[in-house]
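One-letter residues, chain by chain:
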Amino acid sequence: MPPIRTQSSQKRTEQEGRILLAIDAIQKQDIRAVREAARIFEVPETTLRRRLKSSTNHAFSSAKNLKLTEIEEESLQKWILSLDSRGAAPRPSIVREMADLLLAARGSTPPLTVGQNWVTNSVKRHPELSSRFSRRYDYRRAKYEDPKIMIEWFNLVQKTISQYGINPDDVYNFDETGFAMGLIATAKIITRAEYYGRRSLLQPGNREWVTAIECISASGWALPPCIILKGKVFIEV
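Per chain, residue numbering runs from 1 following the sequence as it is written. Under the rules for a predicted model, residues below a pLDDT of 70 receive no local features and side-chain atom pairs below 80 are neither given nor counted, while totals for whole chains, interfaces and linings still include all residues. Heavy atoms from the whole structure form the basis of all side-chain values; hydrogens and water molecules are not counted.

K.L.:
Any chance you could explain the overall build of the protein here in plain terms?
P.N.:
Helix and strand content of the protein: eight helices and six strands. Considering the protein as a whole, with its 237 residues, one finds that 29% of them fall into the buried category. Partitioning the intrachain contacts of the protein with sequence separation of at least 6 by distance along the chain shows that 66% fall at a separation of at least 24. To measure how exposed things are, a 1.4 Å probe is used in the Shrake-Rupley method; for residues, cover is taken only from the protein chains shown. Of the roughly 17000 Å² of accessible surface on the protein, 56% is carried by carbon and sulfur atoms. In DSSP terms, a helix is any run of H or I states spanning at least four residues, a strand is any run of E spanning at least two, and both are numbered starting from the N terminus. Buried means the residue's accessible area, taken with a 1.4 Å probe over protein chains only, is under 20% of the maximum for its type, while exposed means over 50%, and partly exposed covers the values in between. What makes two residues a contact is simply this: any of their non-hydrogen atoms within 4.5 Å.

What follows is the structure, given as structure tokens:
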């Protein structure tokens with residue numbers, strides 16, 4: 001849920017947006033005079049001159065010594081929650097890169113960056129976020145977790161077995177599973193604080209896979225598994 005802002009906070013937010021637009025117009029030389037830019041964007045001239053010398057609005061930051069402003073941290077938090085809701089919670093390194101992009105967008109020279117521990121401290125400042133370890137989860141398997149679909153399928157299997165009097169020795173399960181190369185290890189991610197334990201990440205479907213095929217009967221007898229690797233030589237028939 002987004003934070004509830006007071007009327008004064010909303011006014012500061014709107015003024016901050018106009019100041020950033022004025023700074024951008026002056027830096028691009030669309031407007032040459034600071035006084036003219038202050039008049040067009042309806043911002044205090046003294047504030048605009050001060051901000052031109054220092055790119056960060058310290059009064060607008062969420063706390064002292066924090067590099068991102070309140071709006072920037074809020075936008076970053078919404079981005080993390082959006083990815084997490086789609087099963088793709090970002091790793092701390094990705095969050096840090098996104099924070100650096102927000103700082104780079106200010107156009108300061110040299111460009112500002114966040115520190116190695118910035119993500120850890122940022123998660124502590126936001127109770128909605130938490131650091132968890134992920135586990136592999138195939139994206140195709142995630143589509144078949146609907147209880148209604150599962151119950152209907154098992155009912156159909158049981159009905160077929162009863163209708164034709166099929167023995168357990170004649171019931172086999174034949175399936176295949178894929179292992180994505182380069183993305184099978186557990187990693188630390190940033191996700192919602194409400195999750196406990198490991199967090200599932202959807203496995204993307206556009207990577208190189210090793211396929212394992214298995215076949216086992218309801219009585220417990222199994223065929224040797226078949227492992228399929230990427231071919232090195234194309235054989236024409």
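K.L.:
How should I be thinking about a nonpolar patch on the surface in this particular structure?
P.N.:
Candidates for patches are residues over 30% relative accessible area with no salt bridge; among them, like charges are joined within 9 Å and nonpolar side chains (Val, Leu, Ile, Met, Phe, Trp, Tyr) within 5 Å. The term salt bridge refers to a pairing of a side-chain nitrogen on Lys or Arg with a carboxyl oxygen on Asp or Glu at a separation within 4 Å. Together, Met150, Trp153 and Phe154 make up a nonpolar patch on the protein surface, roughly 350 Å² of accessible area in all. Turning to its location among the elements, Met150 is positioned in helix α8 (residues 147–164).

K.L.:
How should I be thinking about the packing of helix α4 (residues 70–85) against helix α5 (residues 92–104) in this particular structure?
P.N.:
Packed helices, taken two at a time, are described by the angle between their axes plus the distance between the axes. Every axis corresponds to a line fitted to the C-alpha atoms, with the helix fit spanning only the stretch in contact, and the corresponding angles, defined between N-to-C directions, vary from 0 to 180 degrees. Orientation of α4 relative to α5, taken along the N-to-C sense of each, is 145°, at an axis distance of 11 Å. Once α4 is placed against α5, the crossing between them reads as right-handed. Each of Glu72, Leu76, Trp79 and Ile80 in α4 lies in contact with α5, whose residues at this interface are Ile94, Val95, Met98, Ala99 and Leu102. When its residues are assigned to classes, the contact of α4 with α5 shows eight nonpolar, no polar and one charged. Left-handed describes a crossing whose near helix is turned anticlockwise from the far helix through less than a right angle; right-handed describes the clockwise counterpart. Residues were grouped as follows: Ala, Val, Leu, Ile, Met, Phe, Trp, Tyr, Cys and Pro as nonpolar; Asp, Glu, Lys and Arg as charged; and all remaining residues, including Gly, as polar.

K.L.:
Help me out: how do you make sense of the pattern of salt bridges in this one?
P.N.:
Side-chain pairs of opposite charge can arise whenever the charged atoms involved come near each other. The tally for this structure, following the rule as stated, stands at six salt bridges. Here Glu36 makes a salt bridge to Arg39, at a shortest N to O gap of 2.5 Å. Of this pair, Glu36 and Arg39 both sit in helix α2 (residues 34–41), three residues apart, roughly one helical turn. With relative accessibility at 32%, the residue Glu36 sits in the partly exposed group. When the shortest N-O distance is used, the salt bridge between Arg49 and Glu45 registers 2.9 Å. Highlighted residues: Arg49 and Glu45, both in helix α3 (residues 45–53), separated by four residues, approximately one helical turn. On the basis of relative accessible area, Glu45 is assigned to the partly exposed category, the value being 25%. Each member of the salt-bridge network shares a partner with another, and the members are Arg35, Glu45 and Arg49.

K.L.:
Where do I start with the nonpolar core in this structure?
P.N.:
One broad trend across soluble globular proteins is that nonpolar side chains are buried collectively. In terms of nonpolar packing, the biggest core is built from 13 residues, with Leu76, Val95, Trp118 and Ile190 touching the most fellow members. Looking at this core, the elements with two or more residues in it are α4, α5 and α6 (118–125). Val95 has contacts with Leu76, Trp79, Ile80, Pro90, Trp118, Val119 and Ile190, leaving out every residue within four places of it along the chain. To form a nonpolar core, buried Ala, Val, Leu, Ile, Met, Phe, Trp, Tyr and Cys residues must be joined to one another through side-chain atoms within 4.5 Å.

K.L.:
Please clarify how α4 should be interpreted in this entry.
P.N.:
For an α-helix, the turn length of 3.6 residues means that residues three or four places apart are oriented alike. An expected span of 1.5 Å times one less than the residue number is assigned to each helix. Spanning 16 residues, α4 covers 23 Å between terminal C-alpha atoms, matching the ideal 22 Å at 1.5 Å per step. Listing the buried residues of α4 in full gives Glu72, Glu73, Glu74, Leu76, Gln77, Ile80, Leu81, Leu83 and Asp84. Count one or two residues on from α4 and you reach Gly87, which has phi positive near 75°.

K.L.:
Even after reading the chapter, I still don't get the environment of Ala88, so can you show me in this structure?
P.N.:
Note on placement: Ala88 falls in the loop between α4 and α5. Judged by relative accessible area, Ala88 falls into the partly exposed class, the value being 39%. Sequence separation between Ala88 and Ile189 is 101 residues, and the spatial gap between their C-alpha atoms is 9.2 Å.

K.L.:
Before we go on, may I ask you to explain the confidence of the model for the protein in this structure?
P.N.:
A low pLDDT score tells you not to read the predicted coordinates there in detail. pLDDT: the predictor's confidence for each residue, scored from 0 to 100. When the pLDDT values of the protein are averaged, the result is 78; 74% of them are 70 or greater. Taken together, the stretch residues 1–6 has pLDDT below 50 and engages in six contacts with residues farther than four places along the chain or on a different chain. Note on residues 58–65: pLDDT under 50 across the span, and 15 contacts to partners over four residues away in sequence or across chains.

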